[in-house]
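Architecture and fold: a report
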Amino acid sequence: MKIVKGFRDILPYDTGNSDTSFAWTTTTDQLRQIMKTYNFQEIITPVIEHDSVFKTGIGEDTDIVSKEMYEFVLERDSSTVSKEKILKYCLRPEGTAPIIRSVIENSLSKIKSLNKLFYLGPMFRYERSQKGRYRMFHQIGAELIGSDEILYEVEILNLAKEILTSLNIDNYTFQINSIGNNESLKNISKAVSNFGRKNKDSIEEKDYKILNKNPLRFLDKAVHNYNFKDIPKTIDYLDKKSLKRFNDLTKILDSFNFKYSINNQLVRGIDYYNDLVFEVTSSNLGAQDALLAGGRYDSLMGKFGADESKSIGFAAGIERLILAMKSKNQASNSIDFFIVYQQEEMIEESLRLALRLREVGLSIEVDLLRRSFTKQIKSADKSLAENIIIIGKDNFNNGTIVVKNMASGIEEIVSLKNNIDFFLKKTKGTPNEKK
RNA sequence: GUGGAUGUAGCUCAGUUGGUUAGAGCAUUGGUUUGUGGUUCCAGAGGUCGCGGGUUCGAAUCCCGUCUUCCACCCCA
């Protein structure tokens, strides 16, 4: 029995690395809270989709679709249905296309109050795994649907930045760019090809191949390996409208004191973007350094055959956010009360008390292995219990118990009955106090 | 898909030029001591040495293959 290659378990205990289930859930809780402050509402879609969602959504020629997607057909279907009718499924490699599929299918774009959506869940891509890159990874993403109003850009960028600052991530650069409309993209592509041919002699063969296959990718990635001057800039190929949008945006961002850098060679690996694209990279990460990325996608709904609905969004990699966090969310295993009993005949009383205290939300542990009194206290100590409750033979008969604070050593004798308030007060202000 | 490294107890690692029943620390279990814990001491459990071949009288150690993980290319979040 072995876990599938490129996949991983997230374990509860801390073995020195920070990737525990505790760090995971506290981080995702935090992310959901941020979404709430921007009034984005969670949408949960299946991890399986028809392959057409991505083939038409993000483009058949992209690497994501052509080589990284988990595709499958069901054996059952393939034996009973004619070849043309076999349904092809896939594990979703990204979040935006399924969200848009759902928005169309459920007519969500007709309800103005539902135009701010976020998702959080696993994505799948068949890649060689390495630091910050797994075959199943998690993204949180936000989509703002229904307008090309420039304030949509502002809202999305502010939200993206809020995630970084809230999680206490630094050492990142926020890069933005505009790639204009379809036509400007074509012109940029042409310009890069020409530029490449002109400089063929000084470009390595590997990069030249990329240039021929996908000039835009060459512009995005490879061109910075060289010291070229006069590298084509996307901004020189924008039409008036796109250029104005970009200038308007930067003006507003400046007025907010939003720190960004313009990268006129930034394009993205997914086909549906137009105008604004952005990407945040972190120097804390290694080779897989993209923390979050996104952009505007005004034509995606049209591609799906629905009425055009202009939208913008982004996605962040949760594994990478956690990697980049300066101070990790450390697990605190501490519990409120560890109930120890001095003799076996007190076990039932201990369990009854545990039930009552758990009912009011306190975290309680009782030794279930009938171990010796000393062993119980030792394990209470290891469990980082704030207090222990001693059900001992001296007090048992007159209906009292001893409550001992483990840090101070102070003991109090209290009645066994009707003392819930006492226990609640005892834990006030501790990390285990909930709500 | 391409390169380079890695793989010994739950964890971190030792293991000498191939030589008996493979070791340590931490963790774990039982006991002990400390008035009812963080301490001390004693004992125990736990390993197909990633897997499969080969060389050899003999392999954790050498050779080949394979898988995993990691790092980079690539791609991306």
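Everything discussed here concerns the structure shown above.
The sections below set out a description of the structure shown in this document. Just so you know, these numbers come straight off a predicted model, no measurement behind them.

For the rest of this paragraph, the subject is the pattern of salt bridges. Applying the stated criterion across every chain yields a total of 20 salt bridges. Here Arg-217 ties to Asp-63 by a salt bridge, and the two come within 3.6 Å at their closest N and O atoms. Of this pair, Arg-217 sits in helix α9 (residues 215-220) while Asp-63 sits in helix α3 (residues 63-67), and the two are 154 residues apart along the sequence. Between Asp-367 and Arg-371 there is a salt bridge, and its shortest N-O distance comes to 3.0 Å. According to the relative accessible area criterion, Asp-367 is buried, its value standing at 6%. By relative accessible area, which is 35% here, Arg-371 ends up partly exposed. Within this structure, Glu-153, Arg-245, Arg-296 and Asp-298 form a network of salt bridges that share partners.

To continue, consider the nonpolar core. Core analysis: the largest hydrophobic core is formed by 44 residues, its most contacted members being Phe-54, Ile-58, Val-103, Leu-117, Phe-218, Phe-228 and Tyr-272. Of the domains in this structure, domain 1 (21-180 + 238-324) and domain 2 (182-232) are the two that each give at least three residues to this core. What Phe-218 contacts, discounting residues up to four positions off in sequence, is Val-192, Ile-203, Asp-207, Ile-210, Leu-211 and Val-223. Core analysis: the next-biggest nonpolar cluster, separate from the first, contains 42 residues, Leu-159, Leu-253, Ala-324 and Met-325 among them.

Let's shift gears to the sheet that holds strand β12 (residues 337-341). With respect to topology, 5 strands assemble into an open sheet ordered β13-β12-β14-β15-β16, the strand pairing being mixed. Every other strand in the sheet has two partners, leaving β13 (364-366) and β16 (411-415) as the edge strands with one partner each. Averaged over all neighbouring strand pairs, the angle between strand axes comes to 25°, with direction disregarded. With respect to the sheet, helix α13 (residues 347-359) is in contact with β12, β13, β14 (387-391) and β15 (400-405), its orientation differing from that of β13 by roughly 165°.

Close contact between helix α1 (residues 21-37) and helix α6 (residues 150-166) brings their axes to 10 Å; oriented N to C, the two are set at 140°. Crossing of α1 over α6 shows right-handed handedness. Contacts between α1 and α6 involve Gln-30, Leu-31, Ile-34 and Met-35 from the first element and Leu-159, Glu-162, Ile-163 and Ser-166 from the second. Classifying every residue of the contact of α1 with α6 by side-chain character gives 5 nonpolar, 2 polar and 1 charged.

The subject of this paragraph is the packing of aromatic side chains. Inspection of the entire model under this criterion finds 13 aromatic pairs. Ring geometry for Phe-174 against Phe-278: centres 6.0 Å apart, planes inclined by 15°, an arrangement best described as stacked. Placement of the pair is Phe-174 in strand β7 (residues 172-178) and Phe-278 in strand β9 (residues 274-282), with a sequence separation of 104 residues. For the pair shown, Phe-174 and Phe-278 are each scored as buried. The interplanar angle of 90° and the centroid separation of 5.2 Å between the aromatic rings of Phe-195 and Phe-228 together place this pair among those described as edge-to-face. Here Phe-228 lies in the loop between α9 and α10 (240-255) and Phe-195 lies in helix α7 (residues 182-198), a separation of 33 residues in the sequence. For the pair Phe-195 and Phe-228, a shared accessibility class is recorded, and that class is buried. An aromatic cluster of three or more residues is present, and its members are Phe-7, Tyr-70, Phe-124 and Tyr-126. For Arg-8, the ring lying beneath its charged end belongs to Tyr-134, and the centroid distance is 4.4 Å. In this structure, Lys-161 is placed above the aromatic ring of Phe-258, and the distance from its NZ or CZ to the ring centre is 4.1 Å.

Not every one of the 45 residues close to RNA strand B is listed here, only the nearest: Arg-125, Lys-131, Gln-139, Gln-288 and Ala-290. In the interface set of RNA strand B, defined as its atoms within 4 Å of the protein, sugar plus phosphate atoms amount to 52%. Gln-288 places a side-chain nitrogen or oxygen 2.5 Å from a base nitrogen of RNA strand B. In this structure, a base oxygen belonging to RNA strand B sits 3.2 Å away from a side-chain N or O atom of Lys-378. For the surface near RNA strand B, the secondary-structure elements that each account for two or more residues are β6 (136-145), β10 (290-296), β11 (311-317) and α14 (373-382). Sorting elements by how many residues they give to the surface near RNA strand B places α14 first, with 7 residues.

For a regular strand, the rule is simple: side chains alternate between the two faces of the sheet. Where β14 lies against β15, 4 bridges are found, and the strand directions are antiparallel. Bridge assignment links Ile-390 to a residue of β15, and that residue is Val-402. As paired elements, β15 and β16 share 5 bridges and run antiparallel to each other. From the neighbouring strand, Val-403 faces β16, where its bridge partner is Glu-412. Hairpin connection, β15 to β16: the antiparallel pair is bridged by 5 residues, and Gly-409 has positive phi, about 85°.

About the thresholds
- Residues numbered from 1 in each chain as written.
- Chains lettered and ligands numbered in written order.
- Predicted model: local features only at pLDDT ≥ 70, side-chain atom pairs only at ≥ 80, totals over all residues.
- Heavy atoms only, no water.
- Salt bridge = Lys/Arg side-chain N within 4 Å of Asp/Glu carboxyl O.
- Helix = DSSP H or I, 4+ residues; strand = E, 2+ residues; numbered from the N terminus.
- Buried < 20%, exposed > 50% of the residue type's maximum accessible area, 1.4 Å probe, protein only.
- Core = buried A, V, L, I, M, F, W, Y, C linked by side-chain atoms within 4.5 Å.
- Domains from an automatic or database assignment.
- Contact = heavy atoms within 4.5 Å.
- Pairing = 2+ DSSP bridges.
- Axes fitted to C-alpha atoms, helices over the stretch in contact; angles between N-to-C directions.
- Left-handed = near helix turned anticlockwise from the far one by under 90°.
- Nonpolar A, V, L, I, M, F, W, Y, C, P; charged D, E, K, R; others polar.
- Phe/Tyr/Trp six-rings, centres within 6.5 Å; stacked < 30°, edge-to-face > 60°.
- Lys NZ or Arg CZ within 6 Å of the ring centre and 35° of its normal.
- Near = heavy atom within 4 Å.
- Polar contact = N/O pair within 3.5 Å; in protein donor to acceptor, adjacent residues only side chain to side chain.

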